[in-house]
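Commentary on secondary and tertiary structure
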Amino acid sequence: MAKKAISIISGGMDSALSSFIAKNDGYEIVGVHFNYGQRTQNRELQAYRLLCNELGVINSYEIELNFFKQIGASSLVDKKMEVPTSGLEDGVPNTYVPFRNGIFLSIAAAIAEKEKAEAIYIGVVAKDSSGYPDCTSQFIKKQESAINEGTKQETQVKIKMPLVAMTKAQIVQSAIKMNVPLQFTWSCYQDEDVACGVCDSCRLRLRGFELAGCKDPIAYKKVPNSF
């Protein structure tokens, strides 16, 4: 039997590369996407479906997590809060969704147990990112331990985070080398038609392309002079 991996795919550049790495590692891919009331939910879902088609996934799960809007505490799900657009700052920005990756991984673990998958791939980045506490290798390793403690004995899942120590420039270069269709991906936190160019996620993406010496295939409303 071919080995399976669950790939958490937001529709962004990082999760896209992580998924293509999983496929290159010889896994059949089961795609998982979460709709949690984020501002760009529709556009991210569109990106996810396009990427799944390119990956040739053997199964796909689109999971609804509306409770994130009820919890709030993040400008991604609470429209009363403003998404920061003045540049990257130190500390955890208000775009952080409380324990989002912990919840995503828990659900992905349930799917992995059902699908008899050997691995879960997640495109977390710690080295060159917004500084979210649930994107570190230490956190992910502890999640892996907890998941294997709380599932059936025969369920032994490895959580793979191939991008965690990479810079955005390295991510861009690797994605281009692996023919990842970056034109399908969506990173903007606040707009669904044309990427804003000034939210943290757009800035990180644009800086990655600039440092990699490549042109981003998607359009932006504005390209900041500095990142």
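In case you missed it, the structure is sitting above this.
Residues numbered from 1 in each chain as written. Predicted model: local features only at pLDDT ≥ 70, side-chain atom pairs only at ≥ 80, totals over all residues. Heavy atoms only, no water.

1. Some remarks on the nonpolar core
As a rule of thumb, soluble globular proteins bury nonpolar side chains together. Put simply, the rule reads: Note on terminology: a nonpolar core comprises buried Ala, Val, Leu, Ile, Met, Phe, Trp, Tyr and Cys residues joined through side-chain atoms within 4.5 Å. Burial classification: accessible surface area is computed with a 1.4 Å probe over protein chains only, and a residue below 20% of its type maximum counts as buried, one above 50% as exposed, and the rest as partly exposed. Put simply, DSSP H or I for four residues or longer makes a helix, DSSP E for two residues or longer makes a strand, and each gets a number counted from the N terminus. A contact between two residues is defined here by any heavy atoms of the two lying within 4.5 Å.
Ranked by internal contacts, the top residues of the largest apolar core, which has 45 residues, are Ile6, Ile8, Tyr36, Leu105 and Ile120. Mapped onto this core, the elements with two or more residues apiece are β1 (4-8), β2 (28-35), α4 (100-115), α5 (137-149) and α7 (200-212). Tallying contributions element by element places α4 first for this core, with six residues. Residues in contact with Ile6, not counting those within four places in the same chain, are Val30, Val32, Ala108, Ile111, Ala112, Glu115, Ala117, Ala119, Ile120 and Tyr121. Ile9, Leu17, Phe20 and Leu182 belong to the second largest nonpolar core, which has 28 residues in total.

2. Focus on the packing of helix α1 (residues 13-24) against helix α6 (residues 168-177)
Selection criterion: Axis lines are fitted through C-alpha atoms, for helices just across the contact stretch, and the angle between N-to-C directions can take any value from 0 to 180 degrees. Our angle categories are set so that under 35 degrees counts as roughly parallel, over 145 as roughly antiparallel, 65 to 115 as roughly perpendicular, and the remainder as oblique. In a left-handed crossing the near helix is turned counterclockwise from the far helix by less than a right angle, and in a right-handed crossing that turn is clockwise. Basically, the charged four are Asp, Glu, Lys and Arg, the nonpolar ten are Ala, Val, Leu, Ile, Met, Phe, Trp, Tyr, Cys and Pro, and anything else, Gly included, counts as polar.
Running from amino to carboxyl end, α1 crosses α6 at an angle of 50°, the nearest separation of the two axes being 10 Å. As the angle between them shows, α1 and α6 are arranged oblique. In this structure, α1 meets α6 at a crossing whose hand is left-handed. Of the residues in α6, those touching α1 at Met13, Asp14 and Leu17 are Lys168, Ile171, Val172, Ser174 and Ala175. Along the lines of polarity and charge, the residues of the contact of α1 with α6 split into five nonpolar, one polar and two charged.

3. What to know about helix α2 (residues 41-55)
Side chains three or four residues apart in an α-helix point the same way, a direct result of the helix having 3.6 residues per turn. Heads up, the rule is: To estimate the expected span of a helix, subtract one from its residue number and multiply by 1.5 Å.
Helix length check: α2 (15 residues) gives 21 Å between terminal C-alpha atoms against 21 Å at 1.5 Å per residue, within 8%. By the burial criterion, the buried members of α2 are Arg43, Glu44, Leu45, Ala47, Tyr48, Leu51, Cys52 and Leu55. Summarising the contacts, the buried residues of α2 are in contact with α1, β2 and β3 (59-64).

4. Quick word on the packing of α1 against α2
Put simply, α1 and α2 touch, their axes get as near as 11 Å, and they point 20° apart. As far as their axial angle goes, α2 and α1 are roughly parallel. Judged by the sense of rotation from one axis to the other, the crossing of α1 with α2 is right-handed. Each of Ala16, Ser19, Phe20 and Lys23 in α1 lies in contact with α2, whose residues at this interface are Leu51, Glu54 and Leu55. Across the contact of α1 with α2, the residue classes break down as four nonpolar, one polar and two charged.

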